[in-house]
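The chain contents come next:
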Amino acid sequence: TLTFINETSERIYSYYNLSRIQLAIESMKNVDSVTVYFANTSIYSFTACSSSFTYSTGGFYVQFNTELGDLPLMTSSNSSVIVTEYSKGTKSNLECGGPTVGMCDRKLGVCVCSDYYGSSNSSNAPGNLGDCGYQMLNPIHRSQEVNAFGESS
């Protein structure tokens, strides 16, 4: 198992592939979305403990997609599993994306996005989070206020 901020995943068996590992990590209540990939390979049929892996070429990476900032390391219940940090988190969680991206309309309880931003899916694509986190390629020039969900006010 892996543990992240006092939550423990379902057991990760040696024969688990990428999608099974991802589901096990996302089973933790404090993890919403991760991407899991194997080091040094694009072969998706490998498993968590593939015999093809060595210490220098093996293992898998976990990228947190929705948990933001410089996160603490996960830990493993298996002493032979080594958890290391590959890269520090750099995303921040600002209300409505911050003052240049959107502002909170406290009366309505929604974000009012700037002309160049809309609601995201937390992964730089359009979505329904209501956060002004999606930067639009073809911005909407608004003659009236439109909230993060595209609703006129």
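Placed above this text is the structure.
Rules used in this analysis
Residues numbered from 1 in each chain as written. Predicted model: local features only at pLDDT ≥ 70, side-chain atom pairs only at ≥ 80, totals over all residues. Heavy atoms only, no water. Buried < 20%, exposed > 50% of the residue type's maximum accessible area, 1.4 Å probe, protein only. Helix = DSSP H or I, 4+ residues; strand = E, 2+ residues; numbered from the N terminus. Arc of directions from axis to C-beta. Contact = heavy atoms within 4.5 Å. Phe/Tyr/Trp six-rings, centres within 6.5 Å; stacked < 30°, edge-to-face > 60°. Core = buried A, V, L, I, M, F, W, Y, C linked by side-chain atoms within 4.5 Å. Pairing = 2+ DSSP bridges. Disulfide = S-S within 2.5 Å.

S.K.: How should helix 1 (residues 18-26) be read in this particular structure?
M.R.: Buried within helix 1 are the following residues: L18, I21, A24 and I25. Down the axis, helix 1 shows its buried residues gathered within 130° of arc, on one side only. Taken together, the buried residues of helix 1 touch strand 1 (2-4), strand 3 (34-38) and strand 4 (60-64).

S.K.: It is not clear to me how the packing of aromatic side chains should be interpreted in this structure. Could you clarify?
M.R.: By convention here, two paired aromatic rings are described through the distance between centres and the angle between planes. Tallied over the entire structure, the rule returns six aromatic pairs. Geometrically, the ring pair formed by Y13 and Y15 is stacked, given 5.5 Å between the ring centres and 15° between the ring planes. By relative accessible area, which is 31% here, Y13 ends up partly exposed.

S.K.: Honestly, the nonpolar core in this entry has me stumped. Any pointers?
M.R.: What tends to happen in soluble globular proteins is that the nonpolar side chains get buried as a cluster. Formed by 15 residues in total, the largest nonpolar core has its most connected members in I12, I21, I25 and V31. Mapped by element, the contributors of at least two residues to this core are strand 1, helix 1 and strand 3. Once you skip the residues sitting within four places of it in the chain, V31 turns out to touch F4, I25, E26, F64 and E67. One finds V101, C111, C113 and Y117 within the second-largest nonpolar core, a separate group that totals six residues.

S.K.: When you look at the sheet that holds strand 1 in this model, what are you seeing that I'm missing?
M.R.: Sheet strands associate in pairs through backbone hydrogen bonding, adopting either a parallel or an antiparallel arrangement. Pairing in this open sheet of three strands is antiparallel, and the strands run 2-1-5 from one edge to the other. Either end of the sheet is taken by a strand with one partner, and the two such strands are strand 2 (7-8) and strand 5 (75-76). As paired elements, strand 1 and strand 2 share two bridges and run antiparallel to each other. Each bridged residue has a counterpart across the sheet, and for T3 the counterpart in strand 2 is T8.

S.K.: Is there a simple way to think about the state of the cysteines in this case?
M.R.: One covalent bond between the sulfur atoms of two cysteine residues makes up a disulfide. All chains considered together, the criterion is met by two disulfides. The disulfide partner of C96 is C111, and the S-S distance across this bridge is 2.1 Å. Looking along the S-S bond of the C96-C111 disulfide, the torsion reads about -85°, which is the left-handed sense. One end of the pair, C96, is in the loop between strand 5 and strand 6 (102-105); the other, C111, is in strand 7 (residues 110-113), and 15 residues separate them in sequence. Here C96 matches C111 in class, with each residue buried. Here C113 connects covalently by a disulfide to C132, the sulfurs 2.1 Å from one another. The S-S bond linking C113 to C132 shows a torsion near -90°; that makes this disulfide left-handed. Separated by 19 residues along the polypeptide, C113 in strand 7 and C132 in the loop between strand 8 (117-118) and strand 9 (134-135) bring together distant segments of the chain. Residue classification places C113 among the buried residues on the basis of a relative accessible area of 6%. Ordinal numbering of bonded cysteines along the protein defines a disulfide pattern of 1-2, 3-4.

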